[in-house]
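In case you want the letters, here they are:
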Amino acid sequence: MVVLPLASALSIAVTAHTAFNLTKLRAPSWSGELINEKVSVLIPARDEQGHIALTIESVRNQIGVSDCEIIILDDQSSDSTATIVRHISEHDPQVTLLTNGINPPDGWLGKPHACHLLSQAATGSVLVFVDADVILEPTAIAACVELLRDKNFGLVAPYPQQLADTSIERLVQPLVIWSWVATMPLGIAETSLRPSLSAANGQFLIFDTQAYKTSGGHSGVRGEVLEDIALIRSLKSSGYQCATVNGSELAHCRMYEDTDSLVNGYTKSLWNAFGSPAGSVAVNSLLAFTYLLPPIVAATSPKKSHRVLGALGYFSGVASRAMVAAHTGSRPLPDSFAHPVSIATFIGLNAMSWSRHVRGKNSWKGRAVTTGAPHE
């Protein structure tokens, strides 16, 4: 008599917070005024032959930036990534290819090391890190640099639109954005220097160069599995305000193209998402309590009052998910009706991630993910 009302009340409260948060969610747009400072666009690439040319082309097509250098690091690719980039660079002096032929040093993970090498080669007053499978809209960089300067942020972290075609993508990918839009107080997070109020997506990050260097950059998060979250926390700890924004109209990305890559992608890092085993148990238990209990009761209880209360909790969760999807380029319907299945899938991936981590089985693109430790 207490548990179900509490679960449904939590679902309703999160939905109300989601609706309020969406009024605070920035969606950067370019004013049309030219950006008159040098911007370094930095792209780490490892076995990205299927995406890299389109990503580079989208960066070359940027407007509103007067001085832009594009630096791509081929990070020990075993495919034709380097050949593709070299061909482009031979016809465009704006594009530079760097090659890394060594494994990450002890204590470093692959992506932080690659990004660190890129930052050392950059000469711009703004650093823009773009993953090699992200496609930018023509005004994406100008819009984000403009916001960076107008509000004196150390970092602008847009979340690109997450493309999802397969069933498991449609279940899991919308949770990437929903999780922070529904729960993090966005109005407070932009001005607060509390590291806990941080969300970022390493697919697309725009830094003030001095802020990046002062906070330690990727060198300071060298062993972090979730280096994007660690970076924004590091900047806040160094006294810089940061903005997490809706980037669905600025960029898009299909992170995973099949079930195996999605499972491997999430399991390599989810163990690190909530700080400790106890943190993971607590967060996943709360998710199950709030979003699995009400629909289960609604579907199985013999008492009408319980079914009604469970349905209320279920539809509140659906509403929260649908509102975020409508604002960020995902499918609001019918996908949001599967929100409980999405939550259950996420919990399963989290458990699998811990299992693989404990057994030392997590890897990504042929490299073991063994460094990094849960945040205290």
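Going by the structure above, here's the rest.
Procedures and definitions
- Residues numbered from 1 in each chain as written.
- Predicted model: local features only at pLDDT ≥ 70, side-chain atom pairs only at ≥ 80, totals over all residues.
- Heavy atoms only, no water.
- Helix = DSSP H or I, 4+ residues; strand = E, 2+ residues; numbered from the N terminus.
- Expected span 1.5 Å × (residues − 1).
- Bend = angle between axes of the 7 residues up to and from the residue.
- Buried < 20%, exposed > 50% of the residue type's maximum accessible area, 1.4 Å probe, protein only.
- Arc of directions from axis to C-beta.
- Contact = heavy atoms within 4.5 Å.
- Salt bridge = Lys/Arg side-chain N within 4 Å of Asp/Glu carboxyl O.
- Disulfide = S-S within 2.5 Å.
- Phe/Tyr/Trp six-rings, centres within 6.5 Å; stacked < 30°, edge-to-face > 60°.
- Axes fitted to C-alpha atoms, helices over the stretch in contact; angles between N-to-C directions.
- Parallel < 35°, antiparallel > 145°, perpendicular 65-115°, else oblique.
- Left-handed = near helix turned anticlockwise from the far one by under 90°.
- Nonpolar A, V, L, I, M, F, W, Y, C, P; charged D, E, K, R; others polar.
- Patch = residues over 30% accessible without salt bridge, like charges linked within 9 Å, V, L, I, M, F, W, Y side chains within 5 Å.
- Areas by Shrake-Rupley, 256 points an atom, 1.4 Å probe, with all protein chains shown as cover.
- Lys, Arg positive; Asp, Glu negative; His and termini not counted.
- Polar contact = N/O pair within 3.5 Å; in protein donor to acceptor, adjacent residues only side chain to side chain.
- Pairing = 2+ DSSP bridges.

(A) Quick look at helix H6 (residues 167-183). The end-to-end C-alpha separation of H6 is 25 Å, in line with the 24 Å expected for 17 residues at 1.5 Å each. The largest bend in H6 amounts to roughly 35° and is located at Val176. A large share of H6 lies buried, amounting to 13 of its 17 residues.

(B) Structural context of helix H2 (residues 52-60). Within H2, burial applies to Ile52, Thr55, Ile56, Ser58 and Val59. Buried residues of H2, seen end-on, are gathered within an arc of 160° and therefore sit on one face of the element. Against the buried residues of H2 lie strand S1 (35-45), strand S2 (65-75), helix H3 (81-91), strand S3 (95-100), strand S4 (126-130) and strand S5 (134-136).

(C) Geometry of the pattern of salt bridges. As enumerated under the stated definition, the model contains 11 salt bridges in all. Asp165 is paired through a salt bridge with Arg254; the nearest N and O atoms lie 3.4 Å apart. Of this pair, Asp165 sits in the loop between strand S6 (155-162) and H6 while Arg254 is found in the loop between strand S8 (242-253) and helix H10 (259-267), placing the two residues 89 residues apart along the sequence. On the basis of relative accessibility, which here comes to 22%, the residue Arg254 falls in the partly exposed class. For Arg170, the salt bridge identified is with Asp335, shortest N-O distance 2.6 Å. Of this pair, Arg170 sits in helix H6 while Asp335 sits in the loop between helix H13 (304-328) and helix H14 (339-358); the two residues are 165 residues apart in sequence, bridging distant segments of the chain. Each of Glu37, Arg149 and Asp208 takes part in one network of salt bridges that share partners.

(D) Region of the structure containing the state of the cysteines. Under the definition given, this model contains zero disulfides. Here Cys144 is not cross-linked by a disulfide; its sulfur's nearest cysteine counterpart is in Cys68, at 13 Å. With no disulfide partner, Cys242 has as its closest neighbouring cysteine sulfur the one in Cys144, 14 Å distant. A relative accessible area of 3% places Cys242 in the buried class.

(E) Examining the packing of aromatic side chains more closely. What the rule picks out here adds up to nine aromatic pairs. When the ring of Phe129 is compared with that of Tyr212, the centres are 5.7 Å apart and the planes differ by 35°; the resulting orientation is tilted. Taken together, the positions of Phe129 in strand S4 and Tyr212 in helix H8 (residues 209-214) put the pair 83 residues apart, joining distant regions of the chain. Arranged with centres 6.0 Å apart and planes meeting at 70°, the rings of Trp271 and Trp354 form a pair that is edge-to-face. In this pair, Trp271 is assigned in the loop between H10 and helix H11 (277-291) and Trp354 in helix H14, connecting sequence segments 83 residues apart. Like Trp271, the residue Trp354 is buried in the burial classification.

(F) Focus on the packing of H6 against H10. The geometry of H6 relative to H10 is characterised by a closest axis approach of 11 Å and an angle of 30° between their N-to-C directions. It follows that H6 is roughly parallel to H10 by the angle criterion. Helix-helix and strand crossings are classified by hand; for H6 and H10 the assignment is left-handed. Residues Ile168, Glu169, Val172, Gln173 and Val176 of H6 pack against Thr259, Leu262 and Tyr266 of H10. Its residues placed into classes, the contact of H6 with H10 shows five nonpolar, two polar and one charged.

(G) Structural view of a nonpolar patch on the surface. A grouping of Leu6, Leu10 and Leu286 is seen on the molecular surface, where their side chains present a nonpolar patch of about 250 Å² in accessible area. The topology assignment puts Leu10 in helix H1 (residues 3-22).

(H) Looking closely at the side chain of Arg321. Looking at the element boundaries, Arg321 is found in helix H13. Buried charged residue Arg321 carries no salt bridge. Nearest counter-charge: Asp335, at 5.6 Å. At 3.3 Å, the side chain of Arg321 forms a polar contact with the backbone oxygen of Arg170. If we ignore the near neighbours within four places in the chain, the residues touching Arg321 are Arg170, Leu171, Pro174, Leu175, Trp178, Asp335, Ser336, His339 and Ser342.

(I) Molecular detail of the sheet that holds strand S7 (residues 204-208). Taken in spatial order, the eight strands make up an open sheet running S3-S2-S1-S4-S7-S6-S8-S5, and their pairing is mixed. Sheet topology places S3 and S5 at the edges, where each strand pairs with a single neighbour. The mean inter-strand angle of the sheet, taken between neighbouring strand axes irrespective of direction, is 30°. Of the strands in this sheet, S1, S2, S3, S4 and S5 touch H2, which is tilted by about 25° from S5. Across the sheet, H3 is in contact with S1, S2 and S3; its angle to S3 comes to roughly 150°.

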